[in-house]
Amino acid sequence: QVVLVQSGPEVKKPGSSLRVSCKASEYIFTSYYIHWVRQAPGQGLQWMGLINPGDGRATSAQRLQGRVSMTRDTPTTTFYMELSSLTSDDTAVYFCAASFSLYTAFDIWGQGTMLVVSS
Amino acid sequence: DIQMTQSPSTLSASEGDTVTITCRASQNIRVWLAWYQQRPGKAPKLLIQKASSLEGGVPSRFSGSGSGTEFTLTISSLQPDDVATYYCQHYNHPYTFGPGTKVELK
């Protein structure tokens, strides 16, 4: 079955870091690009970055460079997104999504992980 | 970066109506445009890519058209199940989404 399953909701304090996991089926893990997309409450979708299935190389959105890290763990077929120096502006639902190539749309989505940043 | 805009931001129509959503790109993106449907509290769902290619399992009342800088998503015979927010996306780096169009039933 072709699915992405994300970790559960998080509450974090300002200045701390977040790590979200996205477990993929083996087929997705080896064949698909994994993107991270976030959505602040009542707002639209914002692309955060992607990880290449071939070499594991990550590319992040310019506005998040230096704060976001995307990695993968082969034995567990799990992808990770870490976001540091959290502020209230990072309160959002974080999605992982998959595309078969860099030039195809996101046809598989995780269920989303809610993050609340609050002191 | 390429900017994406959508109009209208909110649309209210009756069941059975035909509705059209417009998406505009700030530069020529050829046909590299996707449409997603997002119901409240759910992840987005891909409806259409390459401007007009319907994904498997998506009802045929959904259709997409356009190329270059102007694109449309049409829902013919609007159903209650279609109440959602619709996003366009240019799926090339940096994968910019439009701001969304909320579709409501009268």
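In case you missed it, the structure is sitting above this.
Residues numbered from 1 in each chain as written. Chains lettered and ligands numbered in written order. Predicted model: local features only at pLDDT ≥ 70, side-chain atom pairs only at ≥ 80, totals over all residues. Heavy atoms only, no water.

Draft legend 1. Fine view of unusual backbone geometry. Residue and element names in this part refer to chain B. In the segment running from S7 into P8, the intervening peptide bond is cis, with an omega of -10°. Topologically, P8 is positioned in the loop between β1 (4-7) and β2 (10-13). Even without being glycine, R30 reaches a positive phi, approximately 50°. By the secondary structure assignment, R30 is in the loop between β3 (19-25) and β4 (33-38). (Helix = DSSP H or I, 4+ residues; strand = E, 2+ residues; numbered from the N terminus.)

Draft legend 2. Highlighting the nonpolar core. Counting residues in hydrophobic clusters, the biggest one holds 26 residues, and the most contacted among them are L4, I34, W36 and M81 of chain A. Among the secondary structure elements, those contributing two or more residues to this core are β3 (18-24), α1 (26-31), β4 (33-39), β5 (46-51), β7 (68-73), β8 (78-83), β9 (92-99) and β11 (113-117) of chain A. Formed by 24 residues, the second largest nonpolar core is a distinct cluster that contains I2, A13, A25 and I48 of chain B. (Core = buried A, V, L, I, M, F, W, Y, C linked by side-chain atoms within 4.5 Å. Buried < 20%, exposed > 50% of the residue type's maximum accessible area, 1.4 Å probe, protein only.)

Draft legend 3. Highlighting the interface of chain B and chain A. Listed per partner, the contact involves 18 residues of chain B and 19 residues of chain A. When chain B packs against chain A, the two sides together hide about 1500 Å² of surface, and 66% of this comes from carbon and sulfur. Ranking the residues of chain B by area buried against chain A places P44, Y95 and F97 of chain B at the top, with a combined share of 37%. Along the contact surface separating chain B from chain A lie 0 salt bridges. Between chain B and chain A we count 5 residue pairs in polar contact (both at pLDDT 80 or more) in total. Tallying contributions element by element places β4 of chain B first for the side of chain B that touches chain A, with 3 residues. Residue composition of the side of chain B that touches chain A, by class: 11 nonpolar, 5 polar and 2 charged. (Contact = heavy atoms within 4.5 Å. Buried area = accessible area lost by both parts, 1.4 Å probe. Salt bridge = Lys/Arg side-chain N within 4 Å of Asp/Glu carboxyl O. Polar contact = N/O pair within 3.5 Å; in protein donor to acceptor, adjacent residues only side chain to side chain. Nonpolar A, V, L, I, M, F, W, Y, C, P; charged D, E, K, R; others polar.)

Draft legend 4. Quick peek at a nonpolar patch on the surface. All names here are of chain A. Judged by side-chain polarity, V11, M114 and V116 come together as a nonpolar surface patch covering roughly 240 Å² of accessible area. Secondary-structure assignment places M114 in strand β11. With a relative accessible area of 31%, M114 lands in the partly exposed category. (Patch = residues over 30% accessible without salt bridge, like charges linked within 9 Å, V, L, I, M, F, W, Y side chains within 5 Å. Areas by Shrake-Rupley, 256 points an atom, 1.4 Å probe, with all protein chains shown as cover.)

Draft legend 5. Region of the structure containing the sheet that holds strand β8 (residues 70-75) of chain B. Residue and element names in this part refer to chain B. If you walk across this open sheet you meet the 4 strands as β1-β3-β8-β7, and the pairing is antiparallel. The open sheet is flanked by β1 and β7 (62-67), the only strands paired with a single partner. Taking each pair of neighbouring strands and ignoring which way they run, the sheet shows an average axis angle of 20°. Inspection of the sheet shows β7 paired to β8 by 6 bridges, in the antiparallel sense. Pairing of S65 across the sheet is with T72, part of β8. (Pairing = 2+ DSSP bridges. Axes fitted to C-alpha atoms, helices over the stretch in contact; angles between N-to-C directions.)

Draft legend 6. A look at the pairing of β4 of chain B. Residue and element names in this part refer to chain B. Most of β4 is tucked away: 6 of the 6 residues are buried. Burial along β4 is two-sided: L33, W35 and Q37 and A34, Y36 and Q38, pointing in opposite directions, are all buried. Note that β4 and strand β9 (residues 84-90) share 6 bridges and pair antiparallel. Within β9, the residue paired with Q37 across the bridge is Y86. Sheet topology places β4 next to strand β5 (residues 45-49); 3 bridges connect them, and they run antiparallel. When the bridges of β5 are listed, Y36 appears paired with L46. Taking the residues that link successive antiparallel strands as the turn, the β4-β5 hairpin has 6 residues, and the phi of G41 there is positive, at about 75°.

Draft legend 7. How the structure looks around the side chain of T91 of chain A. Residues and elements named next belong to chain A. Secondary-structure assignment places T91 in the loop between β8 and β9. You can call T91 buried: its relative accessible area is 15%. Within the structure, the side chain of T91 is placed 3.0 Å from the backbone nitrogen of V117, a separation counted as a polar contact. The contact partners of T91, leaving out residues within four places of it in the chain, are A40, P41, M114, L115, V116 and V117.

Draft legend 8. Representation of the pattern of salt bridges. In total, this model carries 6 salt bridges over all chains according to the counting rule given. A salt bridge links R39 of chain B to D81 of chain B; its shortest N-O distance comes to 2.8 Å. Taken as a pair, R39 of chain B in the loop between β4 and β5 and D81 of chain B in the loop between β8 and β9 lie far apart in primary sequence, 42 residues in all. Salt bridges linked by common partners bring R38, R67 and D90 of chain A together as one network.

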